[in-house]
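Next come the chains, spelled out residue by residue.
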Amino acid sequence: MQYIDNIIFLILLVAGFGLFAKSLQKIYRNIKLGREINRSDRKAERWETMARVAMGQSKMVKRPVAGVLHLFVYVGFVIINIELIEIIVDGIFGTHRFLASVFGHGFYNFFTATLEVLALLVIIGVVIFFIRRNFYGVKRLTMKELFGWPKNDANWILIIEFALMMAFFSMNSADYVLQMRGVLAEHGSFPISEMTLVPFLEIFSFDNGFLVFVERSAWWFHFVGILFFMNYLYYSKHLHIILAFPSTWLANLDQKGKFNNLDSVTKEIKLMMDPSADPYAAPAEGEAADIPSKFGAEDIFDLNQVQLLNAYSCTECGRCTSVCPANITGKKLSPRLILMKTRDRLEEVGRNIDKNGKFEDDGKKLLNDYITKEELWACTTCNACTEACPVLLDPLSIIFEMRRFLVMEQSAAPQELNLMMTNVENNAAPWQYNQADRLNWAKD
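Before going into details, it helps to say that this report is about the structure given with it.

Parameters and conventions
Residues numbered from 1 in each chain as written. Predicted model: local features only at pLDDT ≥ 70, side-chain atom pairs only at ≥ 80, totals over all residues. Heavy atoms only, no water. Helix = DSSP H or I, 4+ residues; strand = E, 2+ residues; numbered from the N terminus. Rg over C-alpha atoms; globule rule 2.2 N^0.38 Å. Buried < 20%, exposed > 50% of the residue type's maximum accessible area, 1.4 Å probe, protein only. Contact = heavy atoms within 4.5 Å. Areas by Shrake-Rupley, 256 points an atom, 1.4 Å probe, with all protein chains shown as cover. 1 Å grid on protein atoms, 1.4 Å probe; cavity = no way out; pocket = protein on both sides within 12 Å on 5 of 7 lines; lining within 4 Å. Points joined across faces, edges and corners; volume = space filled by probe spheres on them. Nonpolar A, V, L, I, M, F, W, Y, C, P; charged D, E, K, R; others polar. Core = buried A, V, L, I, M, F, W, Y, C linked by side-chain atoms within 4.5 Å. Expected span 1.5 Å × (residues − 1).

Turning next to the overall build of the protein. Per the secondary structure count, the protein includes 21 helices and zero strands. Here the C-alpha atoms of the protein give a radius of gyration of 28 Å, more than 25% beyond the 22 Å that 2.2 N^0.38 yields for 444 residues. In terms of principal-axis extent, the alpha carbons of the protein reach across some 100 × 55 × 40 Å. Put simply, the protein has 444 residues, and 45% of those count as buried. For the protein, the proportion of contacts with a sequence separation of at least 24, taken over those separated by at least 6, is 77%. Surface summary for the protein: the accessible area is close to 23,600 Å², and the carbon and sulfur share equals 63%.

Encoded structure:
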């Protein structure tokens, strides 16, 4: 019977991690649909930024209540899942609390007691988060853009985390009582379980067979739940648990809002400055041959790979939208929704590729079908959204690229901007008068 359990465990383990690897491969493929961008400079600064922001949660605590609670859930859930190593070894080889023999009695007691305290903090965190999302009425968490799947997704994650922690306590409580009765060897210290569930089990004097059933059921539930949670991440905003690390490492370290130069424009200017250059000559060896055929971005293929990674990494926390002056004053723009819509379009393109083997034109674009011109032109480029993001995402860069397409490819800028650009072209200034008349005001 034990061998059958081990085989079932191994099959579930391989299937769970195999499906997870397949999901990551699909995400990687979708991100690679974007334009390549080199963010390999300033490596020491990038490692420091990732450690401070992604691992250290430095930007989360700028809002203390949510930041501290998130720290409880993040640290607790990650460290508790170190126990997954023990579960895997026990499941494959049929051992019981394998790490006790590795750590030694004293340290293993400290380890299990720490896990219990962290599990309690996780429960406190997810319960308060659930109340804040559904009953307290935090504005950024109750906006219309979160209706439907985004809200349900957040709630499901909180419920799953709560259930996993309760399974963890149930397993430890039954295990402890069996240890006290001499059925199992004494390994571990369980202070929270001793104060909560253990008295309940002792009051009803459950027999050893039932306690073994509870311990084994909770153990299997915890294991299968972790595999389910891991594979659910692909469909969830909680993918940021993984992608926040590469996103912060690849974050733009230059001045926020800095307008990047287009390789295609740079090439044209160089040709204009060199009368002897042949505009139809093939690119020289080592010269970029993959200059985009259009200015700006109309669809996800025109965005760079970091921008697509940002779309997958968005936590949907709404901190960006809550500080956006355009959104605050009632305009349609929501920086959070820019990233969410980019991800939705990217996923749609991915499903198209899965179905056809390659992308077949579906008659849709990110511009207009997902993100409207009204949203794009509502942006004041104040950078409040990029400053507020807890994982350094940059929705403003997507807005920049889509505006650039509207201006340079479609000449679809608002009338006020077209007038200003005409003045710059004719008068070298935004104002509608000749350069020679600029100082006339001083004569008045």
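On to the layout of surface pockets. By volume, the largest pocket is sized at about 1,300 Å³. Around the largest pocket sit 48 residues that line it, and Ile 37, Arg 39, Asn 252, Asn 260 and Asn 304 are the ones nearest its centre. Looking at the lining of the largest pocket, the elements that each hand over two or more residues are helix H2 (43-55), helix H12 (263-273), helix H13 (305-313), helix H19 (384-388) and helix H20 (395-408). Looking at the lining of the largest pocket, its residues break down into 16 nonpolar, 15 polar and 17 charged. What lines the second largest pocket is a set of 38 residues, and nearest its centre among them are His 70, Glu 161, His 238, His 240 and Ile 241.

With that out of the way, let us pick up the nonpolar core. With 78 residues, the main nonpolar core has Met 165, Leu 333 and Met 402 as its most contacted residues. Looking at this core element by element, the count peaks at nine residues for helix H6 (residues 105-136). Among all residues touching Leu 333, those that are not within four sequence positions of it are Cys 324, Ala 326, Asn 327, Ile 338, Glu 375, Ala 378, Cys 379 and Ile 399. One finds Tyr 176, Leu 178, Phe 190 and Val 198 within the second-largest nonpolar core, a separate group that totals seven residues.

It is worth spelling out H2 at this point. Over its 13 residues, H2 runs 17 Å from end to end, which matches the ideal 18 Å to within 8%, given 1.5 Å per residue. Taken together, the buried residues of H2 touch helix H3 (64-80) and helix H11 (240-249). A positive backbone phi angle near 55° is found at Gln 57, which sits one or two residues after H2.

The subject of this paragraph is unusual backbone geometry. Backbone geometry places Ser 205, a non-glycine residue, at a positive phi of 50°. Structurally, Ser 205 is set in the loop between helix H9 (197-203) and helix H10 (208-232). The backbone of Asn 383 sits at a positive phi, close to 75°, despite the residue not being glycine. Here Asn 383 shows up in the loop between helix H18 (373-378) and H19. Its relative accessible area of 15% is what places Asn 383 among the buried residues.

Remember that the coordinates give geometry; whether it matters functionally is a separate question.
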